[in-house]
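# Structural features, examined
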Amino acid sequence: MTERRADVGIIMGSQSDWPTMKAAAAILDALAVPYETKIVSAHRTPDRLVDYARSAAERGIKVIIAGAGGAAHLPGMTASMTALPVLGVPIKTSTLSGIDSLYSIVQMPGGVPVGTLAIGEAGATNAGLLAAQILALSDAALAARVADWRADQTASVAEVPKSE
Ligand code: RP5
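Residues numbered from 1 in each chain as written. Predicted model: local features only at pLDDT ≥ 70, side-chain atom pairs only at ≥ 80, totals over all residues.

Moving on, we come to the UniProt feature "domain: PurE" (unreviewed entry) in the protein. Mapped onto the present numbering, the UniProt feature "domain: PurE" (unreviewed entry) falls on residues 6-157. Between the end C-alpha atoms of residues 6-157 there is a gap of 32 Å, over a span that is 46% helix and 15% strand. (UniProt positions renumbered as here; feature names shortened; annotations may be inferred. Helix = DSSP H or I, 4+ residues; strand = E, 2+ residues; numbered from the N terminus.)

What follows is the structure in structure tokens.
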């Protein structure tokens, strides 16, 4: 059996980002979207970053999800080297609670967009969903899976709170 080529690249600045970024992977698993994961640090592995960003499109990647914390330059630098949509996930930090990550990622200069999500796991989850929704624009079967996922989410919300 041939392996499906990854449509989404999930990259992160450090192994320590994975507990957050795995929420994006979990959504893509649930929606059967093929993805790859890689540690790419803007500061510690700059050559790996250049190689990744410059080769992603030709390797078939269609959307990049980039998570980083602190001086979080990974999403922006990636976006500077590829025209693929880049979704940035600010990692929650122990020192500044992820405000540092958020500001580093969100405040891009006009002309180099990064779609910035919420700090932490909710942001990673929504990055996975957004990536799937972007791909679903040209994939009817995936669009149906996204619709089912959203219907399940809606059905899971109780109308009244349970008393404890
Ligand atoms: C960033 O520095 C990473 O994205 C990570 O969030 C943060 C801390 O990295 P470690 O010191 O845990 O490797 O580049």
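There's plenty left to go through after this.
Now for the site of the ligand. Close to the ligand lie Gly13, Ser14, Ser16, Asp17, Ser41, Ala68, Gly69, Gly70 and Ile91, which account for all nearby residues. Of the residues that constitute the shell around the ligand, the class distribution is 2 nonpolar, 6 polar and 1 charged. (Near = placed C-beta within 6 Å. Nonpolar A, V, L, I, M, F, W, Y, C, P; charged D, E, K, R; others polar.)

Burial runs high along strand β3 (residues 63-68): 6 of the 6 residues are buried. Burial of the side chains of β3 extends over both faces: Val63, Ile65 and Gly67 are buried on one face and Ile64, Ala66 and Ala68 on the other. Taken together, the 5 bridges between strand β1 (residues 8-12) and β3 define a ladder with parallel strand orientation. Each residue of the ladder has a partner; that of Met12, found in β3, is Gly67. Bridging between β3 and strand β4 (residues 86-90) involves 5 bridges; their strand directions are parallel. Along β4, the bridge assignment pairs Gly67 with Val89. In the classification by handedness, the crossover that spans β3, the intervening helix α3 (residues 74-80) and the parallel β4 is right-handed. (Buried ≥ 20, exposed ≤ 12 C-beta atoms within 10 Å, placed from the backbone. Pairing = 2+ DSSP bridges. Right-handed = clockwise from strand over helix to strand, strands pointing away.)

What follows is about the nonpolar core. With 41 residues, the main nonpolar core has Val8, Ile65, Leu74, Val89 and Ala131 as its most contacted residues. Residue assignment for this core shows that the elements contributing at least two residues are β1, α1 (18-30), α2 (46-55), β3, α3, β4, α4 (99-106) and α5 (121-136). The element contributing the most residues to this core is α5, with 6 residues. When neighbours within four sequence positions are excluded, Ala131 is seen to be in contact with Val8, Leu28, Val63, Ile65 and Leu87. (Core = buried A, V, L, I, M, F, W, Y, C linked by C-beta atoms within 7 Å. Contact = placed C-beta atoms within 7 Å.)

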